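Here is what each chain is made of, one letter per residue.
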Amino acid sequence: MSVTSSDSAAYSGALEGSNAQRGLWSSRLAFILAATGSAVGLGNIWKFPYVTGENGGGAFVLVYLLCIAVVGIPIMMAEVMIGRHGGRSPVKSLSLIAERDGLNPAWKLVGAIGILAGFLILSFYSVIGGWAISYVGTTASGQLTGQTADAVGAIFSGLLSDPTTLLAWHTLFMALVMVVVVRGVRSGLERAVSILMPALFVLLLIVVGYAMTTGHFGQAAAFLFQPDFSKLTTSGILVALGHAFFTLSLGMAVMMAYGSYLPKNISIAKTSMTVSVIDTGVALLAGLAIFPIVFANGLEPGAGPGLIFQTLPLAFGQMPMGSLFGTLFFVLLIFAAWTSGISLL
Ligand code: PFF
């Protein structure tokens, strides 16, 4: 990957000795798309709705929004800043900065722990990415049409109890991720996110549009946005805080790695805020897509991690054009998981 002279000039603020051959994002938009691609994932579409359902709705959402604003955004800024300053991998950036400032060399462990955490997350993320690929086939084939809850549950447990099929889908998901990563920052990652992220927004808006026709949109909006503080628990507050980290891809050194490709002339504060606002917007939109369907079908909002894979297919199986919307929904989930998987790898 070549680096232009203006890139090098922009990059001159990185630490002495950093590897200028690593390349840079081609624009601010490219960084925003990639960081948003990392942030927007299963956390927004799969986890946010089910933890919101489990924790009673509005009051939890309010705490989550506060955590994003007062904890998440500043930490994202700090991670991006460390990455850009070091201009190398998280471990090397931290060790260079520690060396320059005469600090304990053990600082590099912060980067190493992040990489370990990223590895652990990817190990389950890729499995759920595989489920999403599998469900595209399940919904597109019309297998779910008119099925009972028991039959839909049996399809899900059938998938979970079939290691060969699970391994095949998981492998396909990892292959998709690797195909992009081996191509590098510009021709791999940038190209992939500039197609996948806009496609994801369009698909999400289509599913929200469908959800508006279910007649339960108002109930879903009230569930999400009318806080009932009697439903808020201490553990709910901790879940909201933990989810703010997960959803913004923080604490895994991912934003440090992405920040290391960020030219010096781009504002870290503005870009971090933009990424966080888009990520939060997608989570809220996912809630507005999912809860009207949940309420319209008398499903349980607090159903837990199975909300998407067990209750939604039931709803898709009963609604007009459900195969089409169901397929779109799972394609969306694959896109979201794919761009996050890329960042984790
Ligand atoms: N932010 C991603 C999501 O919400 O699904 C998950 C994630 C990606 C977490 C990358 C951590 C990470 F480093």
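Residues numbered from 1 in each chain as written. Predicted model: local features only at pLDDT ≥ 70, side-chain atom pairs only at ≥ 80, totals over all residues. Heavy atoms only, no water.

As annotated in an unreviewed UniProt entry, the protein chain is Transporter from Marinobacter salsuginis. The record in UniProt for the protein chain states the following under Subcellular location (unreviewed entry): "Membrane". Under the heading Sequence similarities (unreviewed entry), UniProt records this for the protein chain: "Belongs to the sodium:neurotransmitter symporter (SNF) (TC 2.A.22) family." (UniProt positions renumbered as here; feature names shortened; annotations may be inferred.)

A. Representation of the overall build of the protein chain. Helix and strand content of the protein chain: 15 helices and zero strands. Computed over its C-alpha atoms, the radius of gyration of the protein chain comes to 21 Å, within 12% of the 20 Å expected for a compact globule of 345 residues. Once the C-alpha set of the protein chain is aligned to its principal axes, its extents read approximately 65 × 45 × 30 Å. Among the 345 residues that make up the protein chain, the fraction classed as buried is 53%. Taking contacts inside the protein chain between residues at least 6 apart in sequence as the whole, the part at least 24 apart equals 82%. (Helix = DSSP H or I, 4+ residues; strand = E, 2+ residues; numbered from the N terminus. Rg over C-alpha atoms; globule rule 2.2 N^0.38 Å. Buried < 20%, exposed > 50% of the residue type's maximum accessible area, 1.4 Å probe, protein only. Contact = heavy atoms within 4.5 Å.)

B. Seen up close, the site of the ligand. The ligand sits among 15 residues. The nearest are Ala39, Gly43, Tyr125, Phe246 and Val254. Contacts to the ligand include Ser38, whose backbone N or O atom sits 3.2 Å from a nitrogen atom. Within the contact set of the ligand, a nitrogen atom lies 2.8 Å away from a backbone nitrogen or oxygen of Phe246. Secondary-structure elements contributing two or more residues to the shell around the ligand are α2 (28-39), α3 (42-54), α11 (234-247) and α15 (322-344). (Near = heavy atom within 4 Å. Polar contact = N/O pair within 3.5 Å; in protein donor to acceptor, adjacent residues only side chain to side chain.)

C. Structural view of the packing of aromatic side chains. Taken as a whole and judged by the stated rule, the model has 17 aromatic pairs. Considering the side-chain rings of Trp131 and Phe309, the 5.2 Å spacing of their centres and the 90 degrees angle between planes classify their relative orientation as edge-to-face. One end of the pair, Trp131, is in helix α6 (residues 108-140); the other, Phe309, is in the loop between α13 (268-296) and α14 (311-318), with 178 residues separating them in the sequence. You can call Trp131 buried: its relative accessible area is 15%. When the centroid spacing of 5.4 Å and the interplanar angle of 90 degrees are considered together, the rings of Phe329 and Phe330 count as edge-to-face. In this structure, Lys47 is placed above the aromatic ring of Phe246, and the distance from its NZ or CZ to the ring centre is 4.7 Å. (Phe/Tyr/Trp six-rings, centres within 6.5 Å; stacked < 30°, edge-to-face > 60°. Lys NZ or Arg CZ within 6 Å of the ring centre and 35° of its normal.)

D. Here's a closer look at the packing of α3 against α6. One way to put it is that α3 packs onto α6 with a least axis distance of 12 Å and a crossing angle of 85 degrees. With respect to their mutual orientation, α3 and α6 come out roughly perpendicular. Residue-level contacts link Leu42, Gly43 and Trp46 of α3 to Phe124, Tyr125, Ile128 and Gly129 of α6. The class makeup of the residues in the contact of α3 with α6 is five nonpolar, two polar and no charged. (Axes fitted to C-alpha atoms, helices over the stretch in contact; angles between N-to-C directions. Parallel < 35°, antiparallel > 145°, perpendicular 65-115°, else oblique. Nonpolar A, V, L, I, M, F, W, Y, C, P; charged D, E, K, R; others polar.)

E. Structural view of the environment of Leu120. Counting through the fold element by element, Leu120 comes out in helix α6. Given the relative accessible area of 49%, Leu120 is considered partly exposed.

F. The arrangement of a nonpolar patch on the surface in detail. Taken together, the side chains of Leu62, Leu65 and Phe229 define a hydrophobic patch exposed on the protein surface, amounting to about 260 Å² of accessible area. By secondary structure assignment, the location of Leu62 is in helix α4 (residues 58-86). Given the relative accessible area of 38%, Leu62 is considered partly exposed. (Patch = residues over 30% accessible without salt bridge, like charges linked within 9 Å, V, L, I, M, F, W, Y side chains within 5 Å. Areas by Shrake-Rupley, 256 points an atom, 1.4 Å probe, with all protein chains shown as cover. Salt bridge = Lys/Arg side-chain N within 4 Å of Asp/Glu carboxyl O.)

G. Structural detail: the UniProt feature "transmembrane region" (unreviewed entry) in the protein chain. Within this numbering scheme, the UniProt entry marks residues 29-46, 58-82, 109-133, 166-185, 192-212, 232-261, 273-295 and 315-338 as carrying the feature "transmembrane region" (unreviewed entry). When the span residues 232-261 is considered, its composition is 67% helix and 0% strand, and the gap between its end C-alpha atoms is 40 Å.

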